[in-house]
Amino acid sequence: MKAIAKYFINGILTALPIILVFYVLVKVFDFLDSILGDTLKNYMKNDYIPGIGILATIVLLTILGWLSSQYISGRFISLLDSALERIPLVKTLYSVIKDTFQSLLGEKRSFSTVVLVEMPENGLKSIGFITTDNPEVLSEAFIGHVAVYIPQTFQIAGFTFLVPRANITVLDIKPEDAMKFILSGGVASK
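Bear in mind the structure is a predicted one, so any value in this text is a computation, not a measurement.

Caption draft 1: Seen up close, the overall build of the protein. Counting its secondary structure elements, the protein contains five helices and five strands. Over its C-alpha trace the protein gives a radius of gyration of 23 Å, far above what one expects of a compact globule, namely 16 Å for 190 residues. Looking at the 190 residues of the protein, the share that counts as buried comes to 18%. Partitioning the contacts of the protein with sequence separation of at least 6, the portion at a separation of at least 24 is 30%. Accessible area for the protein stands at about 14,500 Å²; split by element, carbon and sulfur atoms hold 68% of it. Positive and negative side-chain charges of the protein, numbering 16 and 16 respectively, have mean locations separated by a distance of 6 Å.

Caption draft 2: Quick peek at the packing of helix α1 (residues 2-44) against helix α2 (residues 52-68). Running from N to C, α1 and α2 point in directions that differ by 100°, and their axes come no closer than 6 Å. In terms of orientation, α1 lies roughly perpendicular with respect to α2. Of α2, the residues touching α1 (which contributes Phe 29, Leu 32, Asp 33, Ile 35, Leu 36, Gly 37, Leu 40 and Met 44) are Ile 52, Gly 53, Ile 54, Ala 56, Thr 57 and Leu 60. Class assignment for the residues of the contact of α1 with α2 results in 10 nonpolar, three polar and one charged.

Caption draft 3: Structural context of the pairing of strand β3 (residues 145-151). For β3, the tally of buried residues reaches seven of seven residues, placing the bulk of the element in the interior. Inspection of the sheet shows strand β2 (residues 124-132) paired to β3 by three bridges, in the antiparallel sense. The partner of Phe 129 across the bridge, within β3, is Tyr 149. Across seven bridges, the pairing between β3 and strand β4 (residues 158-164) is antiparallel.

Analysis parameters
- Residues numbered from 1 in each chain as written.
- Predicted model: local features only at pLDDT ≥ 70, side-chain atom pairs only at ≥ 80, totals over all residues.
- Heavy atoms only, no water.
- Helix = DSSP H or I, 4+ residues; strand = E, 2+ residues; numbered from the N terminus.
- Rg over C-alpha atoms; globule rule 2.2 N^0.38 Å.
- Buried < 20%, exposed > 50% of the residue type's maximum accessible area, 1.4 Å probe, protein only.
- Contact = heavy atoms within 4.5 Å.
- Areas by Shrake-Rupley, 256 points an atom, 1.4 Å probe, with all protein chains shown as cover.
- Lys, Arg positive; Asp, Glu negative; His and termini not counted.
- Charge placed at Lys NZ, Arg CZ, Asp CG, Glu CD.
- Axes fitted to C-alpha atoms, helices over the stretch in contact; angles between N-to-C directions.
- Parallel < 35°, antiparallel > 145°, perpendicular 65-115°, else oblique.
- Nonpolar A, V, L, I, M, F, W, Y, C, P; charged D, E, K, R; others polar.
- Pairing = 2+ DSSP bridges.

In structure tokens form, the structure reads like this:
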């Protein structure tokens, strides 16, 4: 009976990660395909092929990227950007979303520097990512500190701490490996 229970648990441990990965991939595919796919389905009816919505989204985003780098259309996009940054309430939401995407995908990536944060009072250490090394622009009280984002285990959420520079050590670890280690609770260590 113990052998059957062991095989059953091994089956769960083998199947569950595979099933969850496929489930997440299907949900992500469906979401990305629905961005423009739902509109295209109305026009294409029975000729619609799953994935055309993703392809159309990629093409439109590429065209938008090209247009933003051209002089005339780039000026128009800059005006729209400037207008969104002046509207009360909208400017806060817009700037948070814009800055977040710029930090993840832009030229100056915020999550590229992995650090070890040391808490000398109790000997604890945590791995995090420097999001800005000049938080003193907000207040003089932050001089000598850096902003470190520390993700929570098994979640997407996390905390941003202002840590004295003396309490951090820059680690020579790929950000992807550090994030995998943190999110898995240390289980996935390479």
